[in-house]
2 protein chains.
Amino acid sequence: VVTGTVGSLGEFGLIAALTARLPQHAGVLLGPGDDAALLAAPDGRVVACADVLVQDRHFRLLPGGGGDVGRKAAAANLADVAAMGAVPTALLLGLVAPAELDAQWLLDMATGLATEAAETGAAVVGGDVSAGPLVVLAVSALGDLQGRAPVRRAGAGVGDVVAVCGRLGDSAAGLALLEAGLGPRHPDLVSAHHCPRPPYAAGPRAADAGATAMIDISDGLLADLGHVAAASQVHIDLAEVALSPDDRLRAAATDLAVDPADWVFGGGEDHALVATFPPDTSLPPGWRGIGWVHAGAPGVTVDGAVRVGHAGWDHFRETR
Amino acid sequence: VVTGTVGSLGEFGLIAALTARLPQHAGVLLGPGDDAALLAAPDGRVVACADVLVQDRHFRLLPGGGGDVGRKAAAANLADVAAMGAVPTALLLGLVAPAELDAQWLLDMATGLATEAAETGAAVVGGDVSAGPLVVLAVSALGDLQGRAPVRRAGAGVGDVVAVCGRLGDSAAGLALLEAGLGPRHPDLVSAHHCPRPPYAAGPRAADAGATAMIDISDGLLADLGHVAAASQVHIDLAEVALSPDDRLRAAATDLAVDPADWVFGGGEDHALVATFPPDTSLPPGWRGIGWVHAGAPGVTVDGAVRVGHAGWDHFRETR
């Protein structure tokens with residue numbers, strides 16, 4: 001435990017304290033402390049992606065909440081790696097923070113980042129820090145396909161089964177409950193919002209099972225499947241009966257007098273994985289069928305009809 | 001050329017416009033547009049680092065200035081890769097920008113990022129965007145050692161020659177001139193501040209020549225050599241005669257009534273490379289000797305004496 005602000009630690013004190021919270025693994029040939037890190041890439045290829053989280057947009061600066069924010073920042077990236085069919089190996093952290101921020105919050109965040117990374121076998125291997133007026137976490141992730149072909153958004157074929165693995169709508173429900181002051185009545189859903197639990201291992205498993213297209217759900221099921229439909233030039237139809245909200249979502253929706261299906265179809269940030277598989281595929285453990293791929297104009301329907309009101313999140317328009 | 005704000009383009013319009021400005025290369029197996037990019041890593045290892053630039057700290061939002069800011073953001077990362085002895089292959093961009101920002105500024109920034117990357121053979125392969133109250137550019141870079149051993153900060157040996165390649169103090173002089181309103185009298189130095197030109201190819205060349213330690217100068221020659229001295233547990237003594245400010249720096253210093261040597265020893269952001277070589281090394285083209293490595297308590301002196309007043313930049317304390 002440290003006391004004081006980031007400014008009292010200073011840049012180099014902060015870097016030393018952060019680095020001390022970042023365990024490494026055998027694939028990290030050089031970890032933090034040099035101009036760059038060096039990672040093993042035995043596959044001869046490396047998967048790479050980036051994600052930015054901004055204070056008061058993606059998270060709040062709650063006392064004691066740093067750990068969950070770190071886990072969430074890691075999860076967004078690690079899920080992107082998993083959605084390619086790869087296993088994460090490393091994260092890099094580009095960090096902006098005000099000098100007057102409580103240092104412990106940042107150290108908890110780093111611990112959360114490292115903890116979530118470790119769940120996939122990855123380590124936080126480097127980064128950079130700068131002062132700024134608010135906290136920004138810019139995380140990038142590297143991953144290893146272990147010889148697999150990457151699973152892209154394009155690739156869904158007519159007749160394929162659409163299947164999902166992971167939570168749908170829990171994070172959105174948790175946020176709605178928090179905003180309404182009803183968080184304490186539904187701690188599971190609030191926890192899903194603060195700390196998503198993407199099914200990382202399901203990504204490589206889906207690739208091994210022959211997934212033809214895959215994406216992680218960060219903007220909402222319909223919006224993200226829309227990206228798959230557009231990239232693959234296919235029409236996707238979902239079966240509402242396969243996407244029925246569970247009892248927890250129904251109970252929360254009753255408290256808020258809303259339709260829980262809106263969370264299932266439109267909620268982002270759960271980082272579930274959705275993929276398409278050839279029709280004769282035996283779906284891997286944890287995956288469940290929710291629809292089919294059809295020929296036709298790119299788009300996504302539910303029981304044959306367009307579901308309105310869920311265009312997905314646009315960061316610059318702040319509309320759904 | 002686009003007109004309007006980032007908000008009028010929207011998130012997906014912005015991503016499409018940015019992506020259109022990012023040429024790829026043969027080592028990019030999958031570029032922007034999927035959950036993650038895929039890069040060739042024929043060496044079986046990958047170098048990775050990150051750098052964050054914050055509006056009003058690392059750059060200003062000047063009309064027409066986006067291109068230089070993009071080049072500067074790329075340079076900071078590419079120089080870190082070069083300082084390991086590696087060749088850059090890819091950049092990722094984590095971007096925060098206000099919805100009301102002029103979209104053309106950002107597109108110019110992306111073009112600058114891609115242009116600087118291309119100078120090293122690298123491409124901008126992916127990233128993420130979010131709205132926020134100010135512009136933050138969080139860039140990460142990947143690189144290929146092409147079979148070389150990485151050149152670390154630790155490794156300088158007693159008796160080694162200290163040598164530098166690239167500009168020293170030009171960026172700091174340019175900033176001082178701008179702050180004094182004297183920029184137009186010294187366009188070369190102002191340009192060095194807006195757009196550093198690190199000697200990227202000198203990094204792998206130094207590694208091939210047997211460099212024992214290397215770092216890029218981002219905080220100032222004395223501060224960054226201090227990191228080498230600490231990591232290598234050696235004392236470094238520089239020869240002031242070998243670091244005499246050139247005529248351009250002298251002329252600018254006369255105009256500002258300051259000591260130009262302060263820029264040479266303390267100025268950051270030029271991203272020159274400084275390295276140590278075994279004493280019998282024939283220095284590669286562009287490298288010039290500036291001192292020697294001695295046994296003793298870790299530290300850096302000039303002609304045997306501590307040079308005061310240049311502790312290096314601390315982002316959270318904002319002091320030198």
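Look a little higher up for the structure.
Scope of this entry: the structure provided in the associated data block. (Residues numbered from 1 in each chain as written. Chains lettered and ligands numbered in written order. Predicted model: local features only at pLDDT ≥ 70, side-chain atom pairs only at ≥ 80, totals over all residues. Heavy atoms only, no water.)

### Some thoughts on the relation of the copies chain A and chain B
- Mapping chain A onto chain B leaves a residual RMSD of 0.0 Å; the transformation is a rotation of 180 degrees accompanied by 0.0 Å of translation along its axis. Here the transformation between the copies is reduced to the relation of a two-fold axis. Among all C-alpha atoms of chain A, that of Gly44 of chain A lies closest to the rotation axis, at 2.5 Å.
- A symmetric contact is evident, with 99% of the interface residues of chain A recurring at the interface of chain B. (Least-squares fit on C-alpha atoms with pLDDT ≥ 70 in both. Contact = heavy atoms within 4.5 Å.)

### Brief notes about the pattern of salt bridges
- Considering all chains together, one arrives at 32 salt bridges over all chains under this definition.
- Among the ionic pairs, Arg60 of chain A bridges to Asp56 of chain A, the shortest N-O distance being 3.8 Å.
- Relative accessible area serves as the criterion here: at 52%, Arg60 of chain A is assigned to the exposed category.
- On the basis of relative accessible area, Asp56 of chain A is assigned to the partly exposed category, the value being 42%.
- Asp259 of chain A is the partner of Arg307 of chain A in a salt bridge, and the nearest nitrogen-oxygen pair spans 3.6 Å. With Arg307 of chain A in the segment after β12 (299-302) and Asp259 of chain A in the loop between α8 (247-256) and α9 (260-266), the pair connects residues that are 48 residues apart, well separated along the chain.
- In this structure Asp259 of chain A comes out as partly exposed when scored by relative accessible area, which is 37%.
- When salt bridges with common partners are traced through the structure, they connect Asp34 and Asp35 of chain A together with Arg152 and Arg153 of chain B into a single cluster. (Salt bridge = Lys/Arg side-chain N within 4 Å of Asp/Glu carboxyl O. Buried < 20%, exposed > 50% of the residue type's maximum accessible area, 1.4 Å probe, protein only. Helix = DSSP H or I, 4+ residues; strand = E, 2+ residues; numbered from the N terminus.)

### Regarding the interface of chain A and chain B
- Listed by partner, the interface residues are 69 residues for chain A and 68 residues for chain B.
- Of the roughly 5,400 Å² buried between chain A and chain B, counting both surfaces, carbon and sulfur atoms make up 63%.
- Contact with chain B buries surface across chain A, with Asp34, Asp35 and Phe316 of chain A losing the most and accounting together for 15% of the total.
- For the interface between chain A and chain B, the tally reads six salt bridges.
- Across the salt bridge formed by Arg152 of chain B and Asp34 of chain A, the nearest N and O atoms sit 3.3 Å from each other.
- At the surface where chain A touches chain B, the tally comes to 19 residue pairs in polar contact (both at pLDDT 80 or more). (Buried area = accessible area lost by both parts, 1.4 Å probe. Polar contact = N/O pair within 3.5 Å; in protein donor to acceptor, adjacent residues only side chain to side chain.)

### A few points about helix α5 (residues 187-194) of chain B
All names here are of chain B.
- Residues of α5 that are buried include every one of Leu189, Val190, Ala192 and His193, and no others. Buried residues in α5, looked at end-on, bunch into an arc of 155 degrees, giving them a common side.
- Buried residues along α5 sit against α2 (66-82), α4 (170-179) and α8 (247-256). (Arc of directions from axis to C-beta.)

### Looking at empty space enclosed by the protein
- Under the counting rule described, the total for this entry stands at three cavities of 30 Å³ or more.
- Counted as a void, the largest cavity has a volume near 80 Å³.
- If you trace the largest cavity, you find 16 residues lining it, with Ala138, Val139 and Ser140 of chain A together with Ala138 and Ser140 of chain B closest to the centre.
- Of all the elements in the fold, those that place two or more residues in the lining of the largest cavity are β3 (45-54), β4 (87-97) and β6 (136-144) of chain A together with β3 (45-54), β4 (87-97) and β6 (136-144) of chain B.
- Within the lining of the largest cavity, the residues separate by chemical class into 10 nonpolar, four polar and two charged. (1 Å grid on protein atoms, 1.4 Å probe; cavity = no way out; pocket = protein on both sides within 12 Å on 5 of 7 lines; lining within 4 Å. Points joined across faces, edges and corners; volume = space filled by probe spheres on them. Nonpolar A, V, L, I, M, F, W, Y, C, P; charged D, E, K, R; others polar.)

### Topic: the sheet that holds β4 of chain B
- Read from one edge of the open sheet, six strands run β1(A)-β2(A)-β3(B)-β6(B)-β4(B)-β5(B), paired in mixed fashion. The strands lining the two open edges of the sheet, one partner per strand, are β1 (28-30) of chain A together with β5 (123-131) of chain B. Direction aside, neighbouring strands of the sheet carry axes that sit 25 degrees apart on average.
- Set on the sheet, helix α3 (residues 103-119) of chain B makes contact with β4, β5 and β6 of chain B; between it and β4 of chain B the angle comes to about 165 degrees. (Pairing = 2+ DSSP bridges. Axes fitted to C-alpha atoms, helices over the stretch in contact; angles between N-to-C directions.)

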